[in-house]
Amino acid sequence: MNHTFSLFEYLQSPVWVFDFQNKKIIWANSASLPLWETSCPNELSSRDLSLDMSEAVCATLDGYQRRFEKGEVIKTWWYFSPNKIAKKALCHFSGIPLDNGKLGMLVEVISEESILRKELALSNTTNLALLFSKSGELISANDAFTHSYGPHLQDLASFLGDIQQSNHWLLKSQNGEVIKTKKLCWAGKTHHWFNVEGKWLNEQQRLLLSLIDISQEIEQQHRAKYNAEHDFMTGLLNRRGITNAIVENLHNQYPFSLLFLDIDGFKLVNDTYGHAIGDKLLRAIAIRLQEELKFKGLLARFGGDEFIIQVEHRKIKDPAQFAKQIITALNRPFHLNEVGELSIGCSIGMANYPTDAKDIETLVTQADMAMHRAKLRGRNRSHHFSPDMADALYRKMTLRHHLTVALEAEAFELYYQPIVDMKSNKLKGFEALIRWHDEELGQVSPGEFIPLAEETGQIVPLGKWIIKKACKQLSKWHKKYNKDFIMSVNLSRSQLQSSLAPTIESFLHQYQIPPSHLALELTESTMLQDYDEAKQCLDDLASLGLELYLDDFGTGYSSLSQLQDLPISTVKLDQSFVQGEHKGSQAIIEATRAICEKLDLKVVAEGVETEAQLRYLQQCRFDFCQGYYLGRPMPASEHEDRNFSLLNEIPSMH
């Protein structure tokens, strides 16, 4: 053995030096001997490795030598067969000067395959080499390729699966170009993904392909892409998947409709039976949708209980009729073993490409808008997008932003509408009504911003501000006029929280207001939502001594029994009955008065706009009235300027 390299003897990893010219190992440390199936260094150095070396391996080693001359190093898995025993090792190759002035190859084994089990994922990157003739015939495959895929490959055209591409590669490489690509190729029995680097060997007039099998890597990428674009629960495309699928084909896409589906009643199923049953129902819905769609378009679960369907007009001529077909299909009961039959509905919004929009995100937004319009119109139906929906959504988004800013700046104002005692012909008090003038939007109707505030939860801080402002104004009027006015304030269902009673109690103490002088108004529909929770909050408020009014009576859905169960002191009859001219309205007015009299409840008639309406209500012995005829809502300052003179204008029946 050559002693020039004796410094490497003390390395624990196998190391040897290979002589390119003689195709022999000229030195090896002790650690490398078991790997080469020998115990004698001299025996190893006497082996002529060229005897079992294929042309492909020779060409590969020639390539390594040229790379070493450029100062490069190589790390790869290497396949070799000492004494006909197949082995595979992860090696570090580099150039090293020999005593004869030539460049040899220093090989350090990082790990053997049998030891490095945790790195087997790298084993597919073994050094693979194929050598083809000028005509594309396979001349040689190294042992690593033959061992992995067998000796079945015939030529370059078979490898590439394309004779034209084979000819192109041969011509391209002969012109000095290096072939670098990732490609799915035929390895003799099966297809594999390879990272391919091809070079033309001028001296041998051969094409050498150096290959790395990246099938596992590609498979993982495909699996990751599939998982990223599919819904785990239903196996359908997800939002990203259907978006990518449509975008990829948008350049040559036929006109299509996008259907946005939302399941009506799904939350009730989840709340009643639990999420496990809800998930099974979603899978059953997905299967039924697939049966209806067949091969007419794409189907995706968008999230939660929402689905997206894309159907091309060349396959579905009438998308609206197809939407009805979907609704009918989903209206059929679903049978789940655990609970039996379940019935649901479906609301669908539609938007068309390219007439409504030319990009997928806008189409989804439009179809979503149309779906919500379908829900507003009664659910279990479909609706097509129209531009006014976009205008409404933009208005809503703008309004929400301005509402947030206005809340921070307290840029609101309270107007006060008089409520008159019909028996004494005196001013009973006021109803506090919020008004909002925005510098950019102008005067914004409460009918527009109050529902938005309820939807976003902003009604809670806004409602707190209203109560505090109204209490402050009431305290001022009590001191200024020495009158026991009652101030009524409207409440939203969202405000009926356990913290409401303590908050109001603190305002009463702060402004020294007797609890009986503050009234809180709630609508009938407010009472219906989470009735038990609402009742507890109302009981807490009533225990403070506050007045509780039932507003808009006759338009909601509450039962008369709620008038007995809830601590209501006063009923406000909706203005639609007061202003109605048919006998039915009069019958409701008289019946409401009779019912409240029996239940010992006071009655306020809203919306009095004419003298005739006022006189009729006086005849019906109503306790209180309010309306434009008696006084419009005005700022506090205007009421003070008039010194409440409107009381002198009320017609007397005496």
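Because the structure is a prediction, the values reported are computed rather than measured.

Conventions adopted
- Residues numbered from 1 in each chain as written.
- Predicted model: local features only at pLDDT ≥ 70, side-chain atom pairs only at ≥ 80, totals over all residues.
- Heavy atoms only, no water.
- Helix = DSSP H or I, 4+ residues; strand = E, 2+ residues; numbered from the N terminus.
- Buried < 20%, exposed > 50% of the residue type's maximum accessible area, 1.4 Å probe, protein only.
- Polar contact = N/O pair within 3.5 Å; in protein donor to acceptor, adjacent residues only side chain to side chain.
- Contact = heavy atoms within 4.5 Å.
- Axes fitted to C-alpha atoms, helices over the stretch in contact; angles between N-to-C directions.
- Parallel < 35°, antiparallel > 145°, perpendicular 65-115°, else oblique.
- Left-handed = near helix turned anticlockwise from the far one by under 90°.
- Nonpolar A, V, L, I, M, F, W, Y, C, P; charged D, E, K, R; others polar.
- Patch = residues over 30% accessible without salt bridge, like charges linked within 9 Å, V, L, I, M, F, W, Y side chains within 5 Å.
- Areas by Shrake-Rupley, 256 points an atom, 1.4 Å probe, with all protein chains shown as cover.
- Salt bridge = Lys/Arg side-chain N within 4 Å of Asp/Glu carboxyl O.
- Lys, Arg positive; Asp, Glu negative; His and termini not counted.
- Charge placed at Lys NZ, Arg CZ, Asp CG, Glu CD.
- Core = buried A, V, L, I, M, F, W, Y, C linked by side-chain atoms within 4.5 Å.
- Pairing = 2+ DSSP bridges.
- Right-handed = clockwise from strand over helix to strand, strands pointing away.

**Considerations on the side chain of N142**
Alright, step 1. The residue N142 is located in the loop between β7 (138-141) and α3 (143-149) in this model.
Alright, step 2. With relative accessibility at 2%, the residue N142 sits in the buried group.
Alright, step 3. A distance of 3.0 Å separates a polar side-chain atom of N142 from the backbone nitrogen of F145.
Alright, step 4. When residues no more than four places from it in sequence are discounted, the contact partners of N142 are S54, A56, V57, N127, L128 and A129.

**Focus on the packing of helix α9 (residues 275-293) against helix α10 (residues 319-331)**
Each pair of packed helices gets described by two things: the angle between the helix axes and the distance between those axes.
Alright, step 1. Running from amino to carboxyl end, α9 crosses α10 at an angle of 140°, the nearest separation of the two axes being 10 Å. Considering the angle they form, α9 stands oblique to α10. α9 and α10 meet at a crossing whose hand is right-handed. Facing I285, R288, L289, E292 and L293 of α9, the residues of α10 in contact are F322, Q325, I326, A329 and L330.
Alright, step 2. Of the residues that constitute the contact of α9 with α10, the class distribution is seven nonpolar, one polar and two charged.

**With respect to a positive patch on the surface**
Alright, step 1. Positive charge collects at one region of the surface, where K464, K468, K469 and K472 lie side by side.
Alright, step 2. By relative accessible area, K469 is classed as partly exposed at 38%.

**Observations concerning the nonpolar core**
Alright, step 1. Counting residues in each nonpolar core, the largest one holds 71 residues, and the members touching the most others are F412 and L541.
Alright, step 2. For this core, the element with the most residues is helix α14 (residues 459-481), which contributes 10 residues.
Alright, step 3. Sequence-distant contacts of F412, that is, excluding residues within four places in its chain, are made with L403, A406, L407, I434, R435, W436, F449, L462 and W465.

**Regarding the sheet that holds strand β17 (residues 382-384)**
Alright, step 1. Read from one edge of the open sheet, five strands run β12-β13-β11-β16-β17, paired in mixed fashion. Strands with a single pairing partner mark the edges of an open sheet, and in this sheet they are β12 (297-303) and β17. Across this sheet, the average inter-strand angle for adjacent strands is 20°, counted without regard to direction.
Alright, step 2. Relative to strand β13 (residues 306-312), strand β11 (residues 256-264) runs antiparallel, the two being bridged by seven bridges. By the bridge assignment for β13, L261 is matched with F307.
Alright, step 3. Across the sheet, helix α11 (residues 360-376) touches β11, β12, β13, β16 (345-353) and β17, and the angle it forms with β16 is around 140°.

**Regarding unusual backbone geometry**
Alright, step 1. Note the cis peptide between Y353 and P354, where omega equals 5°.
Alright, step 2. Take P354: it is sitting in the loop between β16 and α11.

**Thoughts on the environment of S569**
Alright, step 1. Mapped onto the elements, S569 comes out in the loop between α18 (560-565) and β24 (570-573).
Alright, step 2. Assessed through its relative accessible area of 17%, S569 is described here as buried.
Alright, step 3. On a C-alpha basis, the gap between S569 and H230 in space is 57 Å, while along the polypeptide they are 339 residues apart.
Alright, step 4. Residue contacts for S569: discarding those within four places in its chain leaves E547, L548, Y549, L601 and K602.

**A short note on the pairing of β16**
Alright, step 1. Most of β16 sits out of view: nine of its nine residues are buried.
Alright, step 2. Because side chains alternate across β16, one face comprises the buried residues G345, S347, G349, A351 and Y353, and the other comprises C346, I348, M350 and N352, equally buried.
Alright, step 3. Relative to β16, β11 is paired through nine bridges, and the arrangement is antiparallel. Bridging across to β16, I263 finds its partner in C346.
Alright, step 4. When β16 meets β17, the two strands line up parallel, connected through three bridges. Paired with I348 across the bridge in β17 is S382.
Alright, step 5. Since β16 and β17 lie parallel, the crossover through α11 that links them has a hand, and here it is left-handed.

**Quick look at the sheet that holds strand β9 (residues 191-201)**
Alright, step 1. Reading across from one edge, β7-β6-β10-β9-β8 is the order of the five strands in this open sheet, with antiparallel pairing throughout. Pairing within the sheet leaves two strands with one partner each, and these edge strands are β7 and β8 (179-186). The sheet shows a mean angle of 30° between the axes of neighbouring strands, taken without regard to direction.
Alright, step 2. Lying over the sheet, helix α6 (residues 215-229) contacts β8, β9 and β10 (206-213), oriented at roughly 130° with respect to β9.

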